[in-house]
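# Secondary and tertiary structure notes
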Amino acid sequence: MRIAITRDVSPAIVNCELTHIERAPIDFQLVRRQHKAYEECLKNLNIKVIRLPAEPDFPDSMFVEDTAIVLDEMAVITHPGAASRRGETASIATALSPFRKLFRIESPGTIDGGDVLRIGKALYIGMSGRSNPEGSAQLQRVVSLFGYRVVNVEVTGCLHLKSAITQVTDNAVLINPAWVDQKYFENVRFIEVDSSEPDSANGLWESGALLYPSSFPRTAEKLKHEGISLRILDVSEVAKAEGALTCCSLIFNESPV
Ligand code: CIR
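A brief report on the enclosed structure follows. (Residues numbered from 1 in each chain as written. Predicted model: local features only at pLDDT ≥ 70, side-chain atom pairs only at ≥ 80, totals over all residues. Heavy atoms only, no water.)

## Regarding the pattern of salt bridges
To keep things clear, this is the line we draw: Whenever a carboxyl oxygen of Asp or Glu lies within 4 Å of a side-chain nitrogen of Lys or Arg, that contact is scored as a salt bridge. Helical segments are the DSSP runs of H or I of at least four residues, strand segments are the runs of E of at least two, and each set is numbered from the N terminus. Buried means the residue's accessible area, taken with a 1.4 Å probe over protein chains only, is under 20% of the maximum for its type, while exposed means over 50%, and partly exposed covers the values in between.
Applying the stated rule across the entire model yields 15 salt bridges. Of the charged contacts in the structure, one is a salt bridge between Glu65 and Lys162, with a shortest N-O distance of 2.7 Å. Placement of the pair is Glu65 in the loop between strand 2 (47–52) and strand 3 (68–70) and Lys162 in helix 4 (residues 161–164), with a sequence separation of 97 residues. By the burial criterion, Glu65 is buried, and Lys162 matches it. The salt bridge partner of Arg149 is Glu186, with a shortest N-O separation of 3.3 Å. Residue Arg149 is found in strand 8 (residues 149–154), and its partner Glu186 is found in the loop between strand 10 (172–175) and strand 11 (189–192); the two are separated by 37 residues along the sequence. Of the residues examined, Glu186 reaches a relative accessible area of 46% and is grouped as partly exposed. Salt bridges sharing common partners tie together Asp8, Arg32, Glu39 and Arg51.

Quick look at the structure:
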């Protein structure tokens, strides 16, 4: 059984962190509807959704991806790069503890889960404004015990590594080459975003489908030509909080290996 942990939208989302975009009014009812549609899409893929209650004190807390790295063997609770987000991890640790043995990233190390791209036994870590070499070194010490290798990746112009590259099939990644270099990634085929849609590299490949935003029709066309089956979601309000699709869930196999 696949499990997805999500969290209801914080009523404080209008005070979210923003790094690369201007603040625009977020329609709270609409962002909640978009988030619910995302959860429904996961349920339709036979994933069990565990929705945590909203955290009024943490504007960005719907973006649960940043708070943990869940692997088949264990999970690592992160130390998020933005100070305003560090209080989000306590409830995530509680939610994950029935499923995995937990490890932690400690200060001065920082990691946001949005900077961690797992492909097989490789963990690519974006050296963004949110994740630092100390955090990556701590992560490496833990995951190497379970046979994973860690590769630090330079990323520029965007919030997280997974703003610039995500996996979209078992052997292909969708990449914005303006933000991250292909040289770091091994044994994958590259599909480049349409250059007029720089923010379009974040899709959520899950259970044989690719969840993909409705706002990037040109890149979506490219993906369809590759034979990839898309589940299109409108996440316009989520994007105003600089969020995307991977960041709204933590998805993993129920039982550890
Ligand atoms: C932040 O800046 O932390 C939030 N406003 C957006 C986080 C998005 N997270 C993700 O893409 N993994």
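## Regarding the site of the ligand
Put simply, the rule is: If even one non-hydrogen atom of a residue comes within 4 Å of a molecule or strand, that residue is called near it. Distance and chemistry together define a polar contact, namely a pair of N or O atoms within 3.5 Å, with one atom able to donate a hydrogen and the other to accept it when in protein, and with adjacent residues in sequence counting only for side-chain atoms on both sides. The pocket and cavity definitions rest on a 1 Å grid over protein atoms only: a 1.4 Å probe that fits but cannot leave marks a cavity, an open set with protein on both sides within 12 Å along at least five of seven lines marks a pocket, and residues lining either have an atom within 4 Å of a point. Cavities and pockets are treated as containing a molecule whenever more than half of the molecule's atoms lie within 2 Å of their grid points. Residue classes follow a fixed rule: Ala, Val, Leu, Ile, Met, Phe, Trp, Tyr, Cys and Pro count as nonpolar, while Asp, Glu, Lys and Arg count as charged, and any other residue, Gly among them, counts as polar.
Near the ligand, the surroundings consist of 14 residues, among which Glu17, Asp60, Glu65, Arg130 and Ala241 are the closest. Here Asp66 contributes a side-chain N or O atom positioned 2.8 Å from a nitrogen atom of the ligand. Side-chain polar atom of Arg130 to an oxygen atom of the ligand: 2.8 Å apart, as the coordinates give it. Here the ligand is seated within the second largest pocket. A class-by-class count of the residues in the shell around the ligand yields four nonpolar, three polar and seven charged.

## Examining helix 5 (residues 217–225)
The cut-off we apply is this: For this quantity, the arc is that covered by the directions from the helix axis to the C-beta atoms. By the convention used here, residues are in contact when the closest approach between their heavy atoms is within 4.5 Å.
Among the residues of helix 5, those classed as buried are Thr219, Ala220 and Leu223. Each buried residue of helix 5 sits inside an arc of 105° when the element is viewed along its axis, so together they form one side. For helix 5, the exposed residues lying more than 90 degrees away from the buried face are Arg218 and His225. Buried-residue contacts for helix 5 involve strand 10, strand 11, strand 13 (209–213) and strand 14 (230–233). Following helix 5 by one or two positions, Gly227 adopts a phi angle in the positive range, close to 85°.

## Considerations on the packing of aromatic side chains
Test applied: The aromatic pairing rule takes the rings of Phe, Tyr and Trp, using the six-membered ring of Trp, and pairs them if the centres are within 6.5 Å, calling planes under 30 degrees apart stacked, those over 60 edge-to-face and the rest tilted. As a reminder, the over-ring test applies to NZ of lysine and CZ of arginine, requiring each to be within 6 Å of the ring centre and within 35 degrees of the ring normal.
The full count for this structure, using the stated rule, is five aromatic pairs. Between Phe99 and Phe252 the ring centres are 5.3 Å apart and the planes differ by 65°, which places this aromatic pair in the edge-to-face class. Of this pair, Phe99 sits in the loop between helix 2 (89–96) and strand 5 (102–104) while Phe252 sits in strand 15 (residues 250–253), and the two are 153 residues apart along the sequence. Taken as a pair, Phe99 and Phe252 share a single burial class, namely buried. Directly above the aromatic system of Tyr148 lies the positively charged group of Lys121, at a separation of 3.9 Å from the ring centroid.

## Some details on the environment of Ala164
Mapped onto the elements of the fold, Ala164 is located in helix 4. The exposure class assigned to Ala164 is buried, which follows from its relative accessible area of 0%. Along the sequence, Ala164 and Ile3 sit 161 residues apart, while their C-alpha atoms lie 25 Å from each other. Excluding residues that lie within four positions of it along the chain, Ala164 makes contacts with Val155, Cys158, Leu174, Ile175, Asn176, Trp179, Val180 and Ala201.

## Here we look at the pairing of strand 13
Test applied: Paired strands are those between which DSSP finds at least two bridges. For crossovers, right-handed means that the path from the first strand over the helix to the second runs clockwise, given strands pointing away from the viewer.
Burial runs high along strand 13: five of the five residues are buried. Neither face of strand 13 is open: one carries Ala209, Leu211 and Pro213, the other Leu210 and Tyr212, and all of them are buried. When strand 12 (residues 204–206) meets strand 13, the two strands line up antiparallel, connected through three bridges. Its bridge partner being in strand 13, Glu206 is matched across the sheet by Ala209. Here strand 12 folds back onto strand 13, and the loop between the two strands holds two residues, one of which, Ser207, carries a positive phi near 50°. A crossover links strand 13 with its parallel partner strand 14, the connecting element being helix 5, and its sense is right-handed.

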